[in-house]
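Structural description and commentary
Residue-level listing of the chains:
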Amino acid sequence: MKFKESVIIDEPVKGLSTFVIPTKVRDVITISGSMLGGMLFSNNHKISSLTSSMLDKGTQKKTKHEISNILESMGAEISFISSNRHINFTAHCLKSDIDTVVELIAEQLREPAFPENELDILKKRMIANLEISKDDTKKQALINFLRNIYPDDHHNSRSTISDSINHIELVKTKDLNIFHNNSFGLGSLKVAAAGDISSDLLNGLIKTNFDGWKQQKIKQLSNGSLANKRMKSENNIEIKDKTSSDVYIGQTVELSEHNKDYLSLMMGIYILGGNFSARLMQTVRDEQGLTYGIGSTIAGCGYGINGHWHTWGTFSPKLVEQGINSTIIEIDKWYKNGITQKELNAKKTTLNGLYQVSLDTTGGLIDKILTNAEKGRDIKYLDNYTNLINTLDNDNINKVINKYIDPQKFTTTIAGSDV
Amino acid sequence: MSNQYEHIKSSGGIDEYRLKSNDLRVLMLQDNSTPVATFMVTYHVGSRNEAIGYTGSTHLLEHLMFKGSRNFNKEQGTAIWDELQSIGAQINATTWNDRTNYFEVVPSEHIEKAISIEADRMRFSFLRDEDRQPEMTVVRNEYERGENSPFDVLDKNIWATAYQAHPYHHSTIGWRSDIENVSTERLKEFYDVYYWPNNATATIIGDFEKDTTLSLIAKYFGEHEKSGHEIPSVYTEEPEQQGPRRVVVKRAGQSGITAIAHKSPPGLNSDTYAIQVLGKILCDGKSSRLYKKTVDKGLATSLFMYDFPFKDNGLFITYAFLTPGTENQTVEDIILNEYDDIVNSGVDESEILRAVAQIRATVAFSRDGSYAVASALNEAIAIGDWKFYTTFLDKIKLVTAEDVKRVAQKYLNEDQSTIGWFIPKNSDK
């Protein structure tokens, strides 16, 4: 399948692009959309999160119960969430209900009510979830890892749980109204649909429901701070009564997805720990039995921002030290000796095959199309991706690993009991 | 179709065949819309086939099944993970109460690879002690990860309290000491009792050519004979519960959990459909009864219920995750009052229509992708009739308000209940 030939791209309303890929799945449609206005677009990041989470709490025309009754009587779902940069929505419905679902999405985006009592309940629930996350070893290890390698105002950093709770408590309905007034609208809105749907059907519904909406007044995002200087450090978080600890090891890398070395480094890190047959799972898990799961990945490199790479694994408290040592040994071997041509060949076919397999569901298709569009890439990039992977060169990958990774300056974070 | 097979039945686009030489069942659902197929082998063995001393064995054995077999092993450079992941396959296996399944989602040109690997390890898995030692600690870490979660711990305690004799008493991961101490010989014995073609169903969904694929399955699985023994059945029955039970778990945490469980019938019982509708009315979605009375009131962060259809009796459980400061008793009372309301007054027709619409959509979504179909079909195979998957929606559509009231009266009975609380010992780290 070629995306260029299969995806129908249009702009039925100025400032709103559509991407439609009809598939043979019967009756089912998945829609995802996004627009700029994520958490980075307000000084208090929780304003965007609360705004998107309040979209299903009532509109100028309908109460939240009327909305949920309409959706649930069709078995349909609509959800809204804020990511760092975007306000995202996803809907699943049967073909027979697509007109009602698109109408509701538009109404929720355009005319939210933001009732004060609902905001109070939502804030209480979000704070409760944050309190609960204090016990989550994986989340705590990741937050602390990111806070160690990035300053507070870096786009890839995370707030402490306490700061997040404080930020939520400060938000009032007037903040949501101001944010909605400024940030929501046409301009960067993208809607992708897959399944039992035609481009004509979606574009017609978009015109009916979105034409005439105001334009976004999105401010330019600042670049944020540079990452912290890399240095060897260890930071442990004690959480009581935990039988397994989560460990992050990694550091920032001075490159973004725009960099010509990005795919080479991504492939190098994938060979280290991208899947079960990668080195970390084969040694630390399969041979040594030290963990149920361990892997490595590169992250936070989108939109021209330099990101980081890390390994993540879980270990029994008594095996944490041994687990970390074994992980470091494998990283050292990878860094010093590099990857082999055989490994590269295998992982090229892996990624090519995974790409094909990911097209098996409407959700998989849409993720690829929408993410690609959000990053401003032409649809042809999706067709060319496997070619880019296939041209990666073993020697260059090893040079790139040595250029961007510094084993002397890893940050390690452990969250668990008796750490 | 090859004369090596007997056609058994068809339903919902799925065809069932029996490989005559060894009684392997084969299910096929062809859909050539994307160049992907899922191949899956379901063994009719799960943690219900275990007993004290070797709980968790089915799952540990599932792990060892990836360590190598006659033709696919590290020594020959043909390790299972390498062979499959190098072609981009999504590969894994899962174990649950009534079944163990191994599956590969593959670019369709690699179907033969998946079939050959599953056939090889059906009877020629190595199951070596030197592999069990490191894999035991892997599984133990999986157990430990689960124990990190208050929900997982409470859920295990509820099943262990509700079921005393029946093997659903223990969770699929097993007890820690059994994971650590079960012998390789015991696992091999388990393998030699249950891993046979006549105790398995092979399923293929997606982009394949029927005759070619049937030939491949016959070529690779046909080398196995059927077991020389009867596959043992589980004869342990749970004695009748004669009063309500309670279990409390206390440990460090941030907020409480209230869970209310009632015994429910086996999955193939005709009451299953009305019970599924009852669960939707109570807990599924923002307009469900309990969501409005708990989450909407700020008493819970979320709630859900499950009543997975199993081969034997199950549990109808509602879980509420409490906001800090909310008492377990408060939410318990709300849930039980709502149960009482349905027992006494029944439900509205509009609630039935909403629940049926939700299930109708869920069924449609469960056909989005070959793995989604295989996964849903796997659970129907496990409870003893794969047509449960293809006929489920039609039977749901027949459920009436009177049916829902009747099953509520029959199963939401205090004497059949087990109530579980998770109480956080303190809110500090």
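Residues numbered from 1 in each chain as written. Chains lettered and ligands numbered in written order. Predicted model: local features only at pLDDT ≥ 70, side-chain atom pairs only at ≥ 80, totals over all residues.

**Focus on the overall build of chain B**
Selection rule: The numbering of helices and of strands both runs from the N terminus, where a helix is a DSSP run of H or I of at least 4 residues and a strand a run of E of at least 2. To sort residues by burial, count the other C-beta atoms lying within 10 Å of each one's C-beta; a count of 20 or more means buried, 12 or fewer means exposed, and anything in between means partly exposed. C-beta atoms are built from the backbone.
Scanning chain B for helices and strands turns up 15 helices and twelve strands. Principal axes of the C-alpha set define a box for chain B whose edges measure 60 × 45 × 40 Å. Within chain B, the proportion of its 429 residues that are buried is 54%.

**Brief notes about the overall build of chain A**
To be explicit about the condition: Each residue gets a C-beta atom placed from its backbone, and two residues are in contact if those atoms lie within 7 Å.
Scanning chain A from N- to C-terminus turns up 16 helices and eleven strands. Judged by the C-alpha coordinates and their principal axes, chain A covers about 60 × 50 × 40 Å. Each of the 419 residues in chain A was classed as buried or not, and the buried ones make up 49%. Here the analysis covers contacts within chain A between residues at least 6 apart in sequence; of these, 80% occur between residues at least 24 apart.

**Observations concerning the domain arrangement of chain B**
Residue and element names in this part refer to chain B. Here is the rule: Note that the domain bounds reflect an automated or database-derived domain assignment. Each residue is assigned to one of three groups, with Ala, Val, Leu, Ile, Met, Phe, Trp, Tyr, Cys and Pro labelled nonpolar, Asp, Glu, Lys and Arg labelled charged, and all others, Gly among them, labelled polar.
Domain boundaries assigned for chain B yield domain 1 (5–221) and domain 2 (245–424). Between the C-alpha centres of domain 1 and domain 2 there is a distance of 28 Å. On the domain 2 side, the residues contacting the 33 residues of domain 1 number 29 residues. When residues of the side of domain 1 that touches domain 2 are traced back to their parent elements, those giving at least two are strand S3 (25–30), strand S4 (36–43), strand S6 (100–107), helix H5 (150–162) and strand S7 (200–206). For the side of domain 1 that touches domain 2, the leading source of residues is H5, giving nine residues. Per-class residue counts for the side of domain 1 that touches domain 2 are 17 nonpolar, twelve polar and four charged.

**Here we look at the sheet that holds strand S6 (residues 189–195) of chain A**
All names here are of chain A. Just so we agree on the cut-off: Criterion used throughout: strands pair if DSSP finds at least two bridges between them. Comment: axis = line fitted to C-alpha atoms, over the contacting stretch for helices; angle = value between 0 and 180 degrees taken between N-to-C directions.
Read across the sheet, six strands follow the order S1-S2-S6-S3-S5-S4 without closing on themselves; strand pairing throughout is mixed. Only two strands of the sheet have a single partner each, and these edge strands are strand S1 (8–13) and strand S4 (77–82). The sheet shows a mean angle of 15° between the axes of neighbouring strands, taken without regard to direction. Here strand S3 (residues 28–36) runs beside S6; their pairing, made up of six bridges, is antiparallel. Among the inter-strand pairings, Ile29 is bridged to a residue of S6, identified as Gly195. Packed on one face of the sheet, helix H4 (residues 98–110) meets S3, S4 and strand S5 (86–94) and runs near 160° to S5.

**A short note on the domain arrangement of chain A**
Per the domain assignment, the segments of chain A are domain 1 (3–210) and domain 2 (233–416). The set of elements that each furnish at least two residues to the side of domain 1 of chain A that touches domain 2 of chain A consists of helix H1 (3–6), strand S2 (16–22), S3, helix H6 (137–149) and S6 of chain A.

**Considerations on helix H12 (residues 349–365) of chain B**
The cut-off we apply is this: A helix is expected to reach a length of 1.5 Å times the quantity of its residues less one.
Under the 1.5 Å per step criterion, the end-to-end length of H12(B) is 24 Å for 17 residues, consistent within 8% with the ideal 24 Å. Within H12(B), the full set of buried residues consists of B:Glu351, B:Ile352, B:Arg354, B:Ala355, B:Val356, B:Gln358, B:Ile359, B:Ala361, B:Ala364 and B:Phe365. For H12(B), the elements touching its buried residues are S3, helix H3 (64–74) and S5 of chain A together with helix H9 (272–283), helix H14 (387–397) and helix H15 (401–411) of chain B.

**A closer look at the sheet that holds strand S11 (residues 411–416) of chain A**
Residue and element names in this part refer to chain A. In spatial order, the strands read S7-S11-S8-S10-S9; together these five strands make up an open sheet with mixed pairing. Strand pairing shows two members of the sheet lacking a second neighbour, strand S7 (233–238) and strand S9 (294–299), which therefore form its edges. The sheet shows a mean angle of 15° between the axes of neighbouring strands, direction not considered. Relative to S11, strand S8 (residues 245–252) runs antiparallel, the two sharing five bridges. The residue of S11 that forms the bridge with Val247 is Ile414. Each of S7, S8, strand S10 (308–315) and S11 touches H6; the most contacted strand, S11, lies at about 155° to it.

**Let's talk about the interface of chain A and chain B**
Tallying the contact residues gives 59 residues for chain A and 56 residues for chain B. Taken together, the elements giving at least two residues each to the side of chain A that touches chain B come down to H3, S5, helix H5 (116–133), helix H11 (279–287), S10 and helix H13 (341–357) of chain A. The element that contributes the greatest number of residues to the side of chain A that touches chain B is H13(A), accounting for nine residues. Grouping the amino acids of the side of chain A that touches chain B by side-chain chemistry returns 18 nonpolar, 25 polar and 16 charged.

**Re the packing of H13(A) against helix H15 (residues 380–390) of chain A**
Residue and element names in this part refer to chain A. The cut-off we apply is this: With respect to orientation, any angle under 35 degrees is reported as roughly parallel, any angle over 145 as roughly antiparallel, any angle of 65 to 115 as roughly perpendicular, and every other angle as oblique.
Contact geometry of H13 with H15 gives a least axis separation of 9 Å together with a crossing angle of 170°. When the axis of H13 is compared with that of H15, the two are roughly antiparallel. Taken together, the residues of H15 that come into contact with H13 (itself represented by Lys348, Leu351, Asn352 and Tyr355) are Tyr385, Thr386, Ile389 and Asn390. Split into classes, the residues belonging to the contact of H13 with H15 amount to four nonpolar, three polar and one charged.

**Quick word on the pairing of S3(A)**
Residue and element names in this part refer to chain A. In terms of burial, S3 is largely enclosed, as nine of its nine residues are buried. Of the pairings in the sheet, the one linking S3 to S5 comprises nine bridges and is antiparallel in character. Among the inter-strand pairings, Thr30 is bridged to a residue of S5, identified as His92.

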